[in-house]
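An overview of the molecular structure
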Amino acid sequence: MNRSPLGQSTPDLVVVGGGIAGMLAARRAAGRGASVVIVEAGDRLGGMICRADLGGLPIDIGAEAFATRGGAFAALLHELGMHDDIVEPRALGSWVVTDATAAPMPAGGMLGIPGEAALRDVESRAAVHAAIGDEGIAELERDRTLDPRVGADASDLESLVLARMGPTVLGRLVAPVTRGVYSLDPAELDHRVLIPGLAERVHEHGSLSAAVAALRKSAPPGAAVRTVEGGMHRVVARLEHELAELGVDVRLSTRVASVLEDGSALEQAWRVELEGAGSLFAKRILSTVAVPRSVSARGDDSEGPSGEAVAIGGAAAVPAEVVALLVQAPQLDAHPRGTGVLVGDPSTTIRAKALTHVTAKWAWQEAAADGMHVLRLSYGPHARGGSEPLTHSLSDDETTELARGDAGRLLGTTIEREDVIAMARHVWRIPAPAARIGRSAELRGARDEARRTAGVALAGTWIDGTGLASVIPGVLRAVDELFPEDAQA
Ligand SMILES: Cc1cc2nc3c(=O)[nH]c(=O)nc-3n(C[C@H](O)[C@H](O)[C@H](O)COP(=O)(O)OP(=O)(O)OC[C@H]3O[C@@H](n4cnc5c(N)ncnc54)[C@H](O)[C@@H]3O)c2cc1C
């Protein structure tokens, strides 16, 4: 390692954030001979891939699966020697439940918007009718009679669905999916970013349901998911082991406050300001989180060299709490609601936004025991834009009560207090997706700024998108920018 002007060691790379993106970045750069430091604010590596203990059973309390789209995560598992551990979910489908209805989610749609096959034959029509009733069917028929230009000027998903279909399709099918997947309402999502080309297809094919059908045909959605037997958290444990072998320096419980260009170094260097822990020098920076904008240190440097602050994006996070229950409920052996349930409008008696029946979805989880089931519920904020999940102020006992009641209503059964063997909970702050209204322009700004700044690269879910299928290729690209394969570190 080189020496900085202050006499500290200067690693080739400092990675900000030790989630899967930071771990993979460090692994790839160190594999090319670079000296690497990971700075992680939390007390463990892995970020949103996280193990929890549920009454002695190890479970994933963050990401519990990966989309097969693009093949990047499967390729990683191959490299890690874990390819044989990839398992498929049971093909049971999911349900959508409101205060008064419970029905399987109609197949063949996109983001809950039914494709035109929904009305094609008696059987499909009956399946859709169970979910949205006469009003919903009338809304689907309306879409087919409207001029293709209706809704063309809508940018958010809610306006488009309301313009062409109506409130029943919106509230019972589309909102449950966007809330379940993004923790956002359709009104907060830009369909042009979420499903590029949707509006153009409406114009071309004559209706929204035909547009959905055409898009599904031309690019089957990345609905296929897999997991790792034993839990996704095993991947983090394996990577942690590899990082140790590669000599990567991991600094846990250390938060990066800002990144400053170091004006006094002989060669280009960066000063990474750590909250309450001094600073660290680096030749290159890879940030997997939005580092808060700092005040320029130029002219204010009694303790160190002067510098120029680099703003690495803006942080816009959506809060969600995952509550996992281990229950003794043999009536769930029949998997009454498939792999899980999304919550539609109106749902005044149900506070969760989604439930995954983990032991129904993943056969390997049945290792639990006869009649024992793992349920994962997620809770968003009280109101749109809220900064805390609605479970925020509840004690563990109150949270267990809420989740037990919701789980019973969602699964069409009763789960008594004494049936609950264990509860685990975790609050997540998930970076707003690019499809949130206005977010893609902010992210473009962050990317442009980083592109203009040599020695800085961005990766991770906050900039590359929600989900591992987007995160992994982004990390590989970012490391390749900083350390081209044929160049020396
Ligand atoms: C409940 C839940 C379910 C999910 N389900 C799926 C799924 O089924 N399939 C799928 O593909 N994806 C899923 N995801 C998304 C997936 O987990 C993420 O896209 C991915 O793990 C993000 O990795 P990352 O490294 O980019 O970010 P993170 O995992 O968020 O890592 C960032 C790290 O940076 C640290 N940090 C933050 N600020 C600082 C700072 N200033 N200084 C130092 N460190 C800092 C954080 O503590 C964190 O450890 C899910 C996510 C959640 C929360």
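Everything numeric here is computed off the predicted structure, so don't read it as measured data. (Residues numbered from 1 in each chain as written. Predicted model: local features only at pLDDT ≥ 70, side-chain atom pairs only at ≥ 80, totals over all residues. Heavy atoms only, no water.)

**A short note on the overall build of the protein chain**
Along its length, the protein chain carries 14 helices and 23 strands. Residues counted as buried form 53% of the 489 residues belonging to the protein chain. Pairs at least 24 apart in sequence give 70% of the contacts found in the protein chain among residues at least 6 apart. Working note: accessible area of the protein chain is about 21000 Å², and carbon and sulfur atoms make up 49% of it. (Helix = DSSP H or I, 4+ residues; strand = E, 2+ residues; numbered from the N terminus. Buried < 20%, exposed > 50% of the residue type's maximum accessible area, 1.4 Å probe, protein only. Contact = heavy atoms within 4.5 Å. Areas by Shrake-Rupley, 256 points an atom, 1.4 Å probe, with all protein chains shown as cover.)

**As for the packing of aromatic side chains**
Two numbers describe a pair of aromatic rings. These are the distance of the centres and the angle of the planes. Enumeration over the complete set of coordinates arrives at one aromatic pair. Note on F66 and F73: the rings are 4.7 Å apart at their centroids and 40° apart in plane angle, and the pair reads as tilted. For the pair F66 and F73, a shared accessibility class is recorded, and that class is buried. (Phe/Tyr/Trp six-rings, centres within 6.5 Å; stacked < 30°, edge-to-face > 60°.)

**Quick notes on the pattern of salt bridges**
Applying the stated rule across the entire model yields 30 salt bridges. The salt bridge partner of E401 is R404, with a shortest N-O separation of 2.7 Å. Within this pair, E401 and its partner R404 are both found in helix α11 (residues 396-411), separated by three residues, close to a single helical turn. Relative accessible area serves as the criterion here: at 34%, E401 is assigned to the partly exposed category. Judged by relative accessible area, R404 falls into the buried class, the value being 17%. One network of salt bridges, in which partners are shared, links R179, D185, E188, D345, R384 and R436. (Salt bridge = Lys/Arg side-chain N within 4 Å of Asp/Glu carboxyl O.)

**Quick notes on the pairing of strand β20 (residues 354-357)**
Taking every second residue as pointing to the same face, both faces of β20 are buried, with A354 and T356 on one and L355 and H357 on the other. Looking at chain direction, strand β19 (residues 340-343) and β20 are connected through three bridges and run antiparallel. Paired with L342 across the strands is A354, a residue of β20. Sheet topology places β20 next to strand β21 (residues 372-379); four bridges connect them, and they run antiparallel. (Pairing = 2+ DSSP bridges.)

**Some words on the site of the ligand**
Close to the ligand lie 31 residues, the nearest being E40, M48, A65, T461 and L468. Here M48 contributes a backbone N or O atom positioned 2.8 Å from an oxygen atom of the ligand. For the ligand, a nitrogen atom lies 2.9 Å from a polar atom in the backbone of V256. Look at the ligand: alone it shows 1000 Å² of surface, and the protein chains cover 84% of it. Counting only elements with at least two residues in the shell around the ligand, the list comes to α1 (20-31), β22 (420-431) and α14 (468-482). A breakdown of the residues in the shell around the ligand according to their chemical character gives 17 nonpolar, 10 polar and four charged. Lining the shell around the ligand are residues from two domains, each supplying at least three of them: domain 1 (2-48 + 233-315 + 436-482) and domain 3 (317-431). (Near = heavy atom within 4 Å. Polar contact = N/O pair within 3.5 Å; in protein donor to acceptor, adjacent residues only side chain to side chain. Nonpolar A, V, L, I, M, F, W, Y, C, P; charged D, E, K, R; others polar. Domains from an automatic or database assignment.)

**Focus: the sheet that holds strand β11 (residues 225-228)**
Taken in spatial order, the three strands line up as β7-β11-β8 in an open sheet, and their pairing is antiparallel. The open sheet terminates on both sides in strands that have one partner only, identified here as β7 (66-67) and β8 (86-87). Here β8 runs beside β11; their pairing, made up of two bridges, is antiparallel. Note on β11: the bridge partner recorded for V87 is T227.

**A closer look at the nonpolar core**
The tendency in soluble globular proteins is for nonpolar side chains to be buried side by side. Counting 40 residues, the largest nonpolar core has L13, I20, V36, F73, V235, L286 and V475 as its most contacted members. Elements with a contribution of two residues or more to this core: β3 (13-16), α1, β4 (36-39), α2 (72-79), α9 (233-245) and α14. Sorting elements by how many residues they give to this core places α1 first, with eight residues. Setting aside residues up to four positions removed in sequence, V36 forms contacts with L13, V15, A26, A29, A30, V248 and D249. (Core = buried A, V, L, I, M, F, W, Y, C linked by side-chain atoms within 4.5 Å.)

**Some points on the layout of surface pockets**
If you add up the space inside the second largest pocket, you get close to 500 Å³. In terms of residue count, the dominant contributor to the lining of the second largest pocket is strand β18 (residues 317-328) (three residues). Counted by class, the lining of the second largest pocket contains 10 nonpolar, six polar and eight charged residues. Both domains that meet at the lining of the second largest pocket, namely domain 2 (111-218) and domain 3 (317-431), each give it at least three residues. (1 Å grid on protein atoms, 1.4 Å probe; cavity = no way out; pocket = protein on both sides within 12 Å on 5 of 7 lines; lining within 4 Å. Points joined across faces, edges and corners; volume = space filled by probe spheres on them.)

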